[in-house]
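# Fold and contact review
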Amino acid sequence: MSVAKKTPKANDTPKKPRIGVLIADDHSVLRQGLVSLIGFESDMIVVGEAGNGREAVDLWKRHRPEVTLLDLRMPELDGVGVIKQIRADDENARIIVLTTFDGDEDIYRAIQAGAKGYLLKDVPREALIDSIRRVHAGETCVPVHLANKLAERVMSESVSEREIDVLKLMAQGKSNKEIGSMLFISPGTVKSHVKSIFAKLKVNSRAEAVANAAHRALIQL
């Protein structure tokens, strides 16, 4: 005797797991907007909201989200620090930096730390949602104009940590003698650092060097 096979009902089909998203940003209005935006997507769910870097790491460890949307500048622990701590726990963690900062050094440090995406906060809604899905699928998402900045940063000669120290003091208007005294090096050594900075940043004055360094996010004014 033959037994008729049961036809599965539409609602018997197992649901595909939703993409768990952690949102980390110190601006509550922006977080609320992202929560609302992601809430419209049937394949995504917000699993946590963090207002500072320490909280972001704690919530990530608690919820293990599939994708994290992370601001770059946050209190207590900055975005790069968050990325490093999360990836020390799971090198496959999928993190998208969502920020207002587009300096080539910002992009470089975030990608070098392990971010899988880098977007600016004026990104269109559709592009943001698409990036979440793509990063979840294992892709890297960096818009062309930001990728070009990243390529320029990679190809350019990097400014050393000591030169950045000098740049920070130059930004404060300190003389070579004052910089030397504060860094415990001779004015002649400071002069050599300044000359090297000019060459690497392709500038001709201290004011240009400071402006260029700030634009590239080597220093913060």
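Conventions we followed
- Residues numbered from 1 in each chain as written.
- Predicted model: local features only at pLDDT ≥ 70, side-chain atom pairs only at ≥ 80, totals over all residues.
- Heavy atoms only, no water.
- Axes fitted to C-alpha atoms, helices over the stretch in contact; angles between N-to-C directions.
- Helix = DSSP H or I, 4+ residues; strand = E, 2+ residues; numbered from the N terminus.
- Parallel < 35°, antiparallel > 145°, perpendicular 65-115°, else oblique.
- Contact = heavy atoms within 4.5 Å.
- Salt bridge = Lys/Arg side-chain N within 4 Å of Asp/Glu carboxyl O.
- Buried < 20%, exposed > 50% of the residue type's maximum accessible area, 1.4 Å probe, protein only.
- Pairing = 2+ DSSP bridges.
- Right-handed = clockwise from strand over helix to strand, strands pointing away.
- pLDDT = per-residue confidence, 0-100.
- Core = buried A, V, L, I, M, F, W, Y, C linked by side-chain atoms within 4.5 Å.
- Nonpolar A, V, L, I, M, F, W, Y, C, P; charged D, E, K, R; others polar.

## Here we look at the packing of helix α3 (residues 79-89) against helix α4 (residues 104-113)
For any two helices packed against each other, one specifies the crossing angle of their axes together with the interaxial distance. Where α3 contacts α4, the axes come no closer than 9 Å and their chain directions differ by 10 degrees. By the angle between their axes, α3 is roughly parallel relative to α4. Seen from α3, the contacting residues are Val80, Ile83, Lys84 and Arg87; seen from α4, they are Arg109, Ala110 and Ala113.

## Things to note about the pattern of salt bridges
For the structure on display, the rule yields 15 salt bridges. Measuring nitrogen to oxygen at the nearest pair gives 2.8 Å for the salt bridge that ties Glu41 to Arg133. Placement of the pair is Glu41 in the loop between α1 (28-39) and β2 (44-50) and Arg133 in helix α5 (residues 125-136), with a sequence separation of 92 residues. Residue Glu41 is classed as buried on the basis of its relative accessible area of 12%.

## Observations concerning the pairing of strand β1 (residues 19-24)
Summarising burial for β1: six of the six residues are buried, a large majority. Both faces of β1 are covered, namely the face carrying Ile19, Val21 and Ile23 and the face carrying Gly20, Leu22 and Ala24. Two elements, β1 and β2, share six bridges in a ladder whose sense is parallel. Counted as the bridge partner of Ile19 is Met44 from β2. Of the crossover connections in this fold, the one passing from β1 over α1 to the parallel β2 is right-handed.

## Some remarks on the pairing of strand β5 (residues 117-120)
Of the two faces of β5, the one lined by Gly117 and Leu119 and the one lined by Tyr118 and Leu120 are each fully buried. Bridge count between strand β4 (residues 95-99) and β5: four bridges; the pairing is parallel. Each bridged residue has a counterpart across the sheet, and for Val97 the counterpart in β5 is Tyr118. At this point the chain moves from β4, through α4, to the parallel β5, and the crossover so formed is right-handed.

## Remarks on the sheet that holds strand β3 (residues 67-70)
The pairing of strands in a sheet comes from backbone hydrogen bonds and takes either a parallel or an antiparallel form. The five strands are arranged β2-β1-β3-β4-β5 in an open sheet whose pairing can be described as parallel. A strand with exactly one partner marks an edge of an open sheet, and here the two such strands are β2 and β5. Taking the axes of each pair of neighbouring strands and ignoring which way they run, one obtains an average angle of 20 degrees across the sheet. Bridge count for β1 against β3 is four bridges, and the pairing is parallel. Each bridged residue has a counterpart across the sheet, and for Leu22 the counterpart in β3 is Thr68. The strands that α1 touches are β1, β2, β3 and β4; relative to β2, the one it contacts most, it runs at about 165 degrees.

## Some words on the confidence of the model for the chain
In this model, the chain carries a mean pLDDT of 90, and residues with pLDDT of at least 70 account for 92%. Note that pLDDT drops below 50 for residues 1-5; the model gives that stretch zero contacts with residues more than four away or on any other chain.

## Let's talk about the nonpolar core
Residues Leu70, Val82, Ile83, Ile86, Val97, Ala110 and Tyr118 are the most contacted members of the largest nonpolar core, which totals 26 residues. When contributions to this core are tallied by element, the ones reaching two or more residues are β1, α2 (53-63), α3, β4, α4, β5 and α6 (144-155). Those residues in contact with Tyr118 that lie beyond four places of it in its chain are Leu72, Val97, Thr99, Phe101, Asp106, Ile107, Ala110, Ile111, Cys141, Val142, Pro143 and Leu146. Counting residues in each nonpolar core, the second largest holds 20 residues, with Val166, Ile197, Leu201 and Ala209 among its members.

## Details of the packing of α1 against α5
Two elements in contact, α1 and α5, have axes separated by 11 Å at closest approach and are oriented at 75 degrees. With respect to α5, the element α1 is oriented roughly perpendicular. Contact residues: α1 offers Leu34, Leu37 and Ile38, while α5 offers Arg125, Leu128, Ile129 and Ile132. Counted by class, the contact of α1 with α5 contains six nonpolar, no polar and one charged residues.

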